[in-house]
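If you want the building blocks of each chain, they are given just below.
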Amino acid sequence: TAAADAPTGPALLLLDLDGFKDVNDTYGHPIGDDLLIDVAHRLRALTRPGHTLARLGGDEFALLLPATTPTAATTLARRILTTLATPYRLGPHDIHLTTSIGIWTPTPDTTPTPAEALRDADLALYAAKAAGRNQLTPFDTTLRTARLQHTRLAAGLRQALTRNELSLAYQPVVDLRTGTIRAVEALLRWTPTDSRPVPPDVFIPIAEDTGLITDIGHWALHQACTDAARWHTSHHLAVTVNISGRQLRDPAFADHVLAATTRHRLPPAALILEITESMLLATTPAETTRIIAVLTRLRDHGIRIALDDFGTGYSSLAYLRTLPVDILKIDRSFTTAPTAADHAQTRAFTKAILELSASLHLQTIVEGVETHDQAVLLQQLGSPLAQGYLFSPPATADQIDDLLHTTP
């Protein structure tokens, strides 16, 4: 093979076009096919005699450099990023496209098979995608270790529901004026049998990648409604349940939610569904329209919608004009200022968001409140609701029961 014969070492570049599906969905497959042809022509113009360029399928290409150095391979990959980012003129359309590239070069003490080289290049490409796209990522062995860990955790997560390893913790949302708990946010927890807990920021992305989040989210919704039913009856509490993009794209999602409130006798007004702006940014315009219709239907039944991490995205204001939103959750980055200079800016941003919310008749919840000074400042700015470790860390349902009996 080329990998065995290369005197100065081979290199393999795997390329994937970012957002190509959107091109097909927006302009149609004939335009998508023409775009692939143009991409192939641009790539061919960058190759030299001895290079092997292949389309592996869909919008993925491979470029084998039989004799090169890691530095030269990286330099060529950067040229590819720049070249493919130049707009494409296809009929009346100017199409902008970026590329993610994984780079594999062998280490001196390895003699990988072609299949192993392709596997490692694919891991590098996956890392480039995860880093935000329009990136190039060289392979190193930590990527393989991380992927093996990902596979192991995914296998364990598939058994988590049947083994009763999942649970919910709840963090109170407190009225700053009275100290009363007004709502709780349900937070997923996973403790594998005979092992330590796996952090949510580790297992939830895996659940998203594998599609397991749909079944897990369905379980979490029912468990949260079960616990919230008694809290609403005795203390008029609402419960917030985080919803993933995959759940929202499930055609039966709205029916599942309404069935859960009916089954557990939870008034729809006592349920808040929390979504993030990023999950909308990751969809096509048509899909976003469909999601808005789903949320509108649920809201018409009395279920409230919260937009999480507000203020961290670039199009939050645009979404406020179209999304059926009742609550804005202000990201914790607006409550913690690392320096005195940042403090004034943080206060200004928080005040602006609170005033915007008030003008739109939206409720606000400020996240990440950890100190008394933060709580006092928020009161001064007119924020009535807050959430954070100052009031309580995430707690079990039994601990919430105890808190409700000891707070106003």
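Residues numbered from 1 in each chain as written. Predicted model: local features only at pLDDT ≥ 70, side-chain atom pairs only at ≥ 80, totals over all residues. Heavy atoms only, no water.

A. Structural detail: the overall build of the protein. Each helix and strand counted, the protein has 16 helices and 15 strands in total. Overall, the C-alpha framework of the protein stretches about 75 × 55 × 50 Å when taken along its three principal axes. Counting across all 408 residues of the protein, residues that qualify as buried make up 46%. At a minimum sequence separation of 6, the contacts of the protein that also span at least 24 residues come to 69%. By element, 55% of the accessible surface of the protein is carried by carbon and sulfur atoms, the whole surface being about 20500 Å². Here the protein carries 34 positive and 43 negative side-chain charges, and the mean point of each set is 2 Å from the other. (Helix = DSSP H or I, 4+ residues; strand = E, 2+ residues; numbered from the N terminus. Buried < 20%, exposed > 50% of the residue type's maximum accessible area, 1.4 Å probe, protein only. Contact = heavy atoms within 4.5 Å. Areas by Shrake-Rupley, 256 points an atom, 1.4 Å probe, with all protein chains shown as cover. Lys, Arg positive; Asp, Glu negative; His and termini not counted. Charge placed at Lys NZ, Arg CZ, Asp CG, Glu CD.)

B. Geometry of the side chain of Ser244. Counting through the fold element by element, Ser244 comes out in the loop between strand S10 (238-242) and helix H9 (245-248). Owing to a relative accessible area of 5%, Ser244 belongs among the buried residues under this scheme. Among residues more than four places away in sequence, those in contact with Ser244 are Glu208, Ile213 and Met279.

C. How the structure looks around the confidence of the model for the protein. Looking at the protein, the pLDDT average stands at 88 and 92% of residues meet or exceed 70. Within the model, pLDDT remains below 50 along residues 1-7, and this stretch shows 8 contacts once partners closer than five positions in the same chain are excluded. (pLDDT = per-residue confidence, 0-100.)

D. Representation of the environment of Gly179. Locating Gly179 in the fold gives a position in the loop between strand S8 (166-175) and strand S9 (181-190). You can call Gly179 partly exposed: its relative accessible area is 29%. Sequence-wise, Gly179 and Phe391 are 212 residues apart; in three dimensions their C-alpha atoms are separated by 8.8 Å.

E. Broad picture of the nonpolar core. Membership of the largest hydrophobic core comes to 71 residues, with the highest contact counts inside it found for Leu157, Tyr170, Val239, Leu271, Leu273, Ile275 and Leu298. Of all the elements, helix H8 (residues 213-235) adds the most residues to this core, at 8 residues. Apart from residues no more than four positions distant in its own chain, Leu157 is found in contact with Trp190, Phe203, Ile206, Ala207, Leu212 and Ile216. Counting 29 residues, the second largest nonpolar core, distinct from the first, contains Ile31, Phe61, Leu84 and Ile101. (Core = buried A, V, L, I, M, F, W, Y, C linked by side-chain atoms within 4.5 Å.)

F. A look at the pattern of salt bridges. Tallied over the full model, the rule gives 16 salt bridges. Residue Asp401 pairs with Arg230 through a salt bridge whose shortest N-O separation is 3.2 Å. Of this pair, Asp401 sits in helix H16 (residues 397-406) while Arg230 sits in helix H8, placing them 171 residues apart in sequence. The exposure class assigned to Arg230 is partly exposed, which follows from its relative accessible area of 35%. The shortest N-O distance in the salt bridge between Asp326 and Arg299 comes to 3.0 Å. Of the two residues, Asp326 sits in the loop between helix H13 (316-322) and strand S13 (327-330) while Arg299 sits in helix H12 (residues 285-300), which places them 27 residues apart along the sequence. Since its relative accessible area comes to 35%, Arg299 is described here as partly exposed. Within the structure, one salt-bridge network assembled from shared partners comprises Glu185, Glu274, Lys329 and Glu367. (Salt bridge = Lys/Arg side-chain N within 4 Å of Asp/Glu carboxyl O.)

G. Fine view of the packing of helix H3 (residues 29-46) against helix H4 (residues 70-85). For the pair H3 and H4, interaxial distance at closest approach is 10 Å and the crossing angle is 145 degrees. Considering how the two elements wind past one another, H3 and H4 form a crossing that is right-handed. Contacts between H3 and H4 involve Val39, Arg42, Leu43 and Leu46 on the former and, on the latter, Leu76, Arg79, Ile80, Thr83 and Leu84. The class makeup of the residues in the contact of H3 with H4 is 6 nonpolar, 1 polar and 2 charged. (Axes fitted to C-alpha atoms, helices over the stretch in contact; angles between N-to-C directions. Left-handed = near helix turned anticlockwise from the far one by under 90°. Nonpolar A, V, L, I, M, F, W, Y, C, P; charged D, E, K, R; others polar.)

H. Structural context of the sheet that holds S9. Taken together, 8 strands build a closed barrel; the order of strands is S8-S9-S10-S11-S12-S13-S14-S15 and the barrel is mixed. For strand S14 (residues 363-366) and strand S15 (residues 385-386), the ladder comprises 2 bridges, and the chain directions are parallel. Paired with Ile365 across the strands is Leu385, a residue of S15. Where H8 meets the sheet, its contacts fall on S8, S9, S10 and strand S11 (271-276), and the angle it forms with S8 comes to roughly 50 degrees. (Pairing = 2+ DSSP bridges.)

I. Up close: the pairing of strand S12 (residues 304-310). Burial within S12 is extensive, with 5 of its 7 residues counted as buried. Across 3 bridges, the pairing between S12 and S13 is parallel. Following the sheet pairing, Phe310 is matched in S13 by Ile330.

J. The arrangement of the pairing of strand S1 (residues 11-18) in detail. Extensive coverage of S1 is indicated by the burial of 8 of its 8 residues. Burial of the side chains of S1 extends over both faces: Ala11, Leu13, Leu15 and Leu17 are buried on one face and Leu12, Leu14, Asp16 and Asp18 on the other. Across 6 bridges, S1 lies against strand S3 (residues 60-65) in antiparallel orientation. From the neighbouring strand, Asp16 faces S3, where its bridge partner is Glu60. When S1 meets strand S6 (residues 98-104), the two strands line up antiparallel, connected through 7 bridges.

K. Fine view of unusual backbone geometry. If you check the backbone angles, Asn164 has positive phi at about 55 degrees while not being a glycine. Judged by relative accessible area, which is 69%, Asn164 ranks as exposed. A positive phi angle, near 60 degrees, is found at His361, a position not held by glycine. Within the secondary structure, His361 is located in the loop between helix H14 (340-359) and S14.

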